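Report on the structure
Given next are the chains, with one letter for each unit.
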Amino acid sequence: MIRGLCGAVFFLMSGVGAAQGSFPYTLQWKHFTRTPATALALGDSLIYAGEGEGLVSALRQQDGARVWQRPGYGPLRRPLVLAGGQVLVADAWGRVEVLEASAGAPLWSAQRQGWGEAGSVVEVGHFFLGSADGWLYALAAVDGNEAWRLYTGDSLPSSPWASEGQLSPAARSGQLRQVDR
């Protein structure tokens, strides 16, 4: 089966000296993807794009050229997380992997208890992941070892908020919880 191009990543730059009332951005480049890029993150010089079919790419901001690409993930529907030269990828099949940001080399991987979309955030040396199956995870950023997990009984697909020793995952039911780390 031959698949057509059905997604794209666009990079727009603020127009310098643009005429008042005109569109203030100019198209710098575009990069076509096989499926929509639903998991994006912006680094210092690279844009990281995760596609719905489980492909992760790093593109140069300057010209859109692909620097590296890694296949083999399940569906990616939540933003990738950048921290300390690492890219966290959490797919809908429960796989969590951290890649070296500049080359895409895998540093460590872990498997969540169940499946579902996972939103994540990093703070104080840990990746915190909420998951559609109701689990909230804390994984050590250096090696992926599980520090703890908590079953909340409600779907947590959004990225949790972390600040000053508090973790706040938002549930699909509309409830907001507060967890001391």
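Here is a short report on the structure shown in this document. Small disclaimer: the values here were computed from a predicted structure and weren't measured. (Residues numbered from 1 in each chain as written. Predicted model: local features only at pLDDT ≥ 70, side-chain atom pairs only at ≥ 80, totals over all residues. Heavy atoms only, no water.)

**Quick notes on the packing of aromatic side chains**
According to the stated counting rule, one finds 5 aromatic pairs in the structure shown. Judged by centre distance (5.1 Å) and plane angle (55°), the ring pair of Trp135 and Tyr151 falls under tilted. Within this pair, whereas Trp135 is found in strand S13 (residues 135–140), its partner Tyr151 is found in strand S14 (residues 146–151), the two being separated by 16 residues in sequence. Taken together, the ring pairs connect Trp135, Tyr137 and Tyr151 into an aromatic cluster. (Phe/Tyr/Trp six-rings, centres within 6.5 Å; stacked < 30°, edge-to-face > 60°. Helix = DSSP H or I, 4+ residues; strand = E, 2+ residues; numbered from the N terminus.)

**What about the pairing of S14?**
Remember that side chains alternate between the two faces of the sheet whenever the strand is regular. Here S13 runs beside S14; their pairing, made up of 5 bridges, is antiparallel. Note that in S14 the partner of Leu139 across the bridge is Glu146. Linking S13 to S14, which pair antiparallel, is a turn of 5 residues; within it Gly144 sits at a positive phi near 80°. (Pairing = 2+ DSSP bridges.)

**Comments concerning the pairing of strand S4 (residues 46–51)**
Most of S4 sits inside the fold, with 6 of its 6 residues counted as buried. Residues Leu46, Tyr48 and Gly50 line one face of S4 and the alternating positions Ile47, Ala49 and Glu51 line the opposite face, and both faces are buried. Where strand S3 (residues 37–42) and S4 come together, 5 bridges link them in antiparallel fashion. Following the sheet pairing, Ala37 is matched in S4 by Glu51. Taking the residues between adjacent antiparallel strands as the criterion, S3 and S4 are bridged by 3 residues. The pairing of S4 with strand S5 (residues 56–60) spans 5 bridges and is antiparallel. Bridging across to S5, Leu46 finds its partner in Arg60. Between S4 and S5, which pair antiparallel and follow one another directly, the connecting turn spans 4 residues, one of which, Gly54, has a positive phi of 90°. (Buried < 20%, exposed > 50% of the residue type's maximum accessible area, 1.4 Å probe, protein only.)

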